[in-house]
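# Residue-level structure breakdown
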Amino acid sequence: MKKLFSASLVSGLPRQCGKSGTVLLLTASLIWGFAFVAQSAGMDYLGPFSFNGTRYFLGCAVLLPLVILRRSAAKKRGINRGTKKDLYLAGISCGIVVCLATTLQQIGIIYTTVGKAGFITTLYIIIVPVMGVFLKRHVDGIIWVGALIAGVGVYLLCINESFTLNRGDIYVFFSAIVFSVHILIIAHFAHRVDGVTLSFMQFLIAGTICSLIGFPLEKPLLSDFVAGLWPLLYTGILSSGVAYTLQIVGQRDADPSVASLIFSLESVFAVLGGYLILNQNLTGRELLGCAVMFAAVILVRLPVKIGIKSGIRKRF
């Protein structure tokens, strides 16, 4: 859910990425990767709806001061941040979609490892351009090659010897599809609303929906929230608030292709977090699947200047 605002944050800005910007983006990716560990730990104390509802409200609390400051600065400079109609439409749409996506992901993490969840989630980088076909957008041939390689990686990572999928992997895969829809919605509203305000609104909508479902269905107790305080604080404050702010600052001068490549390291950090903190090990076959999927991500996101010069492919 975190890097889904790339298009809206970098539109109309310079396309270079300095060392300081790279460090900020890498730090955000690190925070998001280890957030899978926090999400997994949180399931020991709360249900997926109660956990997500609480983390989103914490994210709102972190972003609210930033929203107020940006709105005040925009008013002083006479900058138009879009109409309320567009903001409400975008916020409601994104809130509903991100609620579904993160709930599927949260449920999936119960039944699979955080490393596998991180790599499967990264597939949205490939799914988005493939979805573009249905929107009559041109899809470069390299995307199809990357999708094929990623399919091989998913097979190695998720399919066991009896040719069956872990149900957690299935949940996370569907969450990657819904995350892809979320990215397309953001792209539609990218030039119409302020990205930080939209993030705040979507967290508010998603948190409300999750809480309305989670509290009567899962019946969490105050002691459950206290017991799961650290995972909630990490995902709510660091993952939703701090990392998102780092993304905004880091992407001011970042090429979106370079930024996406850095963000794809989230999956690597998820594997490291699962191994170091939760003692979750991957088999040799699963590690090979991770490597193949990561190669596919790099292939479709890394600009190939030689191809540009020769006219073989365009930079995207």
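In this text, all values refer to a predicted model and were calculated from it rather than measured experimentally. (Residues numbered from 1 in each chain as written. Predicted model: local features only at pLDDT ≥ 70, side-chain atom pairs only at ≥ 80, totals over all residues. Heavy atoms only, no water.)

We now examine the nonpolar core. In terms of nonpolar packing, the biggest core is built from 29 residues, with Phe36, Phe119, Ile120, Leu123, Leu157, Cys290 and Met293 touching the most fellow members. Of all elements in the fold, only α2 (19–42), α5 (114–121), α6 (124–131), α7 (141–158), α8 (167–189), α13 (266–276) and α14 (284–301) reach the threshold of two or more residues within this core. Dropping the residues within four chain positions of it, Phe36 is found in contact with Gln105, Ile109, Val114, Ala117, Gly118, Thr121, Glu266 and Ala270. Core analysis: the next-biggest nonpolar cluster, separate from the first, contains 27 residues, Cys60, Ala90, Phe200 and Tyr244 among them. (Core = buried A, V, L, I, M, F, W, Y, C linked by side-chain atoms within 4.5 Å. Buried < 20%, exposed > 50% of the residue type's maximum accessible area, 1.4 Å probe, protein only. Helix = DSSP H or I, 4+ residues; strand = E, 2+ residues; numbered from the N terminus. Contact = heavy atoms within 4.5 Å.)

Let's shift gears to empty space enclosed by the protein. Applying the stated criterion across every chain, the model contains one cavity of 30 Å³ or more. As a volume, the largest cavity reaches approximately 30 Å³. Around the largest cavity, the lining residues are Phe119, Thr122, Leu123, Ser267, Met293, Phe294 and Val297. Among the residues making up the lining of the largest cavity, the classes are represented as five nonpolar, two polar and no charged. (1 Å grid on protein atoms, 1.4 Å probe; cavity = no way out; pocket = protein on both sides within 12 Å on 5 of 7 lines; lining within 4 Å. Points joined across faces, edges and corners; volume = space filled by probe spheres on them. Nonpolar A, V, L, I, M, F, W, Y, C, P; charged D, E, K, R; others polar.)

The next subject is the pattern of salt bridges. Scanning all chains against the criterion turns up three salt bridges. We note a salt bridge from Asp194 to Arg70, for which the minimum N-O separation is 2.7 Å. Residue Asp194 is found in the loop between α8 and α9 (195–218), and its partner Arg70 is found in helix α3 (residues 48–77); the two are separated by 124 residues along the sequence. Note that Glu286 is salt-bridged to Lys116, the shortest N-O span being 3.7 Å. Here the residue Glu286 occupies a position in helix α14, and Lys116 occupies one in helix α5, the gap between them amounting to 170 residues. Considered together, Glu286 and Lys116 belong to a single accessibility category, that of buried residues. (Salt bridge = Lys/Arg side-chain N within 4 Å of Asp/Glu carboxyl O.)

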